[in-house]
Amino acid sequence: MQLQGKVALVTGAASGIGKAIATTYARAGAAVAIADLDLAAAQAVAAELAAAGGQALGVAMDVGSEEAVENGTRQVVERFGALDILVSNAGIQIVSPIVDFRFEDWRKIQAIHLDGAFLTTRAALRHMYPGKRGGVVIYMGSVHSHEASRLKSAYVAAKHGMLGLCRALAKEGAEYNVRSHMICPGFVRTPLVDKQIPEQAATLGLSEEEVIKKVMLGATVDGEFTTVDDIARTALFLAAFPSAALTGQSINVSHGWSMK
Ligand code: NAD
């Protein structure tokens, strides 16, 4: 029960990595807000967690919308009385060569990842700073916060940008007892990745098997996917760590794909 008495808000928590983190946090004793574009799915996750004895709330939130982030965060604080942990996790992927990248797709990626990280951080800090109450903000980066891949220019740029925000927050937040971190997963089999396999196969002229073996896992030490549980355990460790000895860090959880 490492998070007993804490309140966590996890964005994009109706699916994949966010859902696993929300579940792990609830098991560790936190009251958890499941914030997602898909309210019905968020409420279903909250109901699952409540049925297992946890405290959970489904919240509608488009992280790229200032109004939606402000409203959603207010609902969480009204319900649970505080906000101690933010996991800025919601994300999408759109793959295309740079030369053909549609501007609206580029902007969509930046809006969800970069604007979303900023807007959720700002809303959370307004509850963490007063009285130097403090808190932890965890950004879901990617190995693509440190490395680049073909076809993913918008995502690589956004994930690098989020690392800058994470580091700036570590400096600004310190006097208010706010710490920040970024988790950088390798490939994790979630709906986000399942969608990319046939898309990359078509664009690169490879079979789906080759995309998995060569493109996705070729640079790992053991050819293995990272799991949602690997990421959730890391998110629990970072949220529960007691001091600013750890702040402003990015941790690769990627079977050795990136060691930066
Ligand atoms: P996923 O598709 O399983 O889940 C993403 C969730 O985000 C969905 O529930 C979706 O409804 C929600 N979402 C999308 N747009 C939103 C918005 N505007 N506002 C609020 N919610 C929104 O994806 P995932 O693989 O679990 O990805 C989660 C995060 O992990 C993303 O930031 C992604 O970039 C990052 N990541 C994933 C992998 C991977 O291999 N799966 C690797 C590195 C990083």
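Above this text sits the structure in question.
This report concerns the structure included in the present document. Not measured: the values here are computed from a predicted model.

### Focus on the sheet that holds strand 2 (residues 31-36)
Within a sheet, adjacent strands bond to each other through the backbone by hydrogen bonds, running parallel or antiparallel. The parallel open sheet is built from 7 strands, whose spatial order is 3-2-1-4-5-6-7. With one partner strand each, in any of the chains shown, strand 3 (55-60) and strand 7 (249-253) form the two edges of the open sheet. Taking each pair of neighbouring strands and ignoring which way they run, the sheet shows an average axis angle of 15 degrees. Note that strand 4 (residues 85-88) and strand 5 (residues 135-140) share 4 bridges and pair parallel. In the strand pairing of strand 5, valine 87 is matched with isoleucine 138. Strand contacts of helix 1 (residues 16-27): strand 1 (7-11), strand 2, strand 4, strand 5 and strand 6 (178-185), with the helix running at about 170 degrees to strand 1, the strand carrying the most contacts. The strands that helix 5 (residues 153-173) touches are strand 4, strand 5, strand 6 and strand 7; relative to strand 6, the one it contacts most, it runs at about 160 degrees.

### Digging into the environment of alanine 44
Its location among the elements puts alanine 44 in helix 2 (residues 39-51). The class of alanine 44 is partly exposed, set by a relative accessible area of 41%. In sequence terms alanine 44 and isoleucine 34 are 10 residues apart; their C-alpha atoms lie 9.5 Å from each other.

### Section: the site of the ligand
Close contacts around the ligand come from 29 residues, with Ser15, Asp36, Tyr155, Val188 and Thr190 the closest. The separation between a nitrogen atom of the ligand and a polar main-chain atom of methionine 61 is 3.2 Å. Tyrosine 155 has a polar side-chain atom sitting 2.6 Å from an oxygen atom of the ligand. Considering the ligand on its own, with 830 Å² of exposed area, one finds that the protein chains cover 92% of that surface. A total of 3 residues in the shell around the ligand trace back to one element, the largest contributor, which is helix 6 (residues 191-204). For the shell around the ligand, the residue count by class is 16 nonpolar, 10 polar and 3 charged.

### So, the packing of helix 1 against helix 2
Relative orientation of the contacting elements helix 1 and helix 2 amounts to 25 degrees, with a least axis distance of 10 Å. Looking at the two axes, helix 1 sits roughly parallel to helix 2. In terms of crossing hand, the pair formed by helix 1 and helix 2 is right-handed. Contact residues: Lys19, Ala22, Thr23 and Ala26 in helix 1; Val45, Glu48 and Leu49 in helix 2. A class-by-class count of the residues in the contact of helix 1 with helix 2 yields 4 nonpolar, 1 polar and 2 charged.

### A few points about the pairing of strand 2
Most of strand 2 is tucked away: 6 of the 6 residues are buried. Alternating positions in strand 2 separate into two faces, Ala31, Ala33 and Ala35 on one and Val32, Ile34 and Asp36 on the other, with burial throughout. Of the pairings in the sheet, the one linking strand 1 to strand 2 comprises 5 bridges and is parallel in character. Bridge pairing links valine 10 to isoleucine 34 in strand 2. At this point the chain moves from strand 1, through helix 1, to the parallel strand 2, and the crossover so formed is right-handed. Where strand 2 and strand 3 come together, 6 bridges link them in parallel fashion. Bridge pairing links aspartate 36 to alanine 60 in strand 3.

Cut-offs used in this document
- Numbering of residues begins from 1 in every chain and follows the order in which that chain's sequence is written.
- Local features in a predicted model are, by the rule used here, given only for residues with pLDDT of at least 70; side-chain atom pairs are given and counted only at 80 or more, and totals for whole chains, interfaces and linings are based on all residues.
- Side-chain figures throughout are based on the complete set of non-hydrogen atoms in the structure, without hydrogens or water.
- Here, any two strands with at least 2 DSSP bridges between them count as paired.
- Secondary structure elements follow DSSP: runs of H or I no shorter than four residues count as helices, runs of E no shorter than two count as strands, and numbering proceeds from the N terminus.
- Lines fitted to the C-alpha atoms define the axes, with helices restricted to the stretch that makes contact. Angles between their N-to-C directions range from 0 to 180 degrees.
- Whether two residues are in contact is decided by their heavy atoms: any pair within 4.5 Å suffices.
- For every residue, the accessible area (1.4 Å probe, protein chains only) is compared with the maximum for its type, and the residue is labelled buried under 20%, exposed over 50%, or partly exposed between those bounds.
- Put simply, a residue is near a molecule or strand once any heavy atom of it comes within 4 Å of that molecule or strand.
- Pairing of N or O atoms within 3.5 Å defines a polar contact, subject to two protein rules: one partner must be a possible hydrogen donor and the other a possible acceptor, and residues neighboring in sequence count only if both atoms are side-chain atoms.
- Only the protein chains shown count as cover for residues, with accessible areas throughout obtained via the Shrake-Rupley method and a probe of 1.4 Å.
- Gly falls in the polar group here, along with every residue not listed as nonpolar (Ala, Val, Leu, Ile, Met, Phe, Trp, Tyr, Cys, Pro) or charged (Asp, Glu, Lys, Arg).
- Roughly parallel here means an angle under 35 degrees, roughly antiparallel means over 145, roughly perpendicular means 65 to 115, and every remaining angle is called oblique.
- Helix crossings get a hand from a simple test, with the near helix turned counterclockwise from the far one by less than a right angle marking a left-handed crossing and a clockwise turn marking a right-handed one.
- Viewed with both strands pointing away, a crossover whose connecting path from the first strand over the helix to the second turns clockwise is right-handed.

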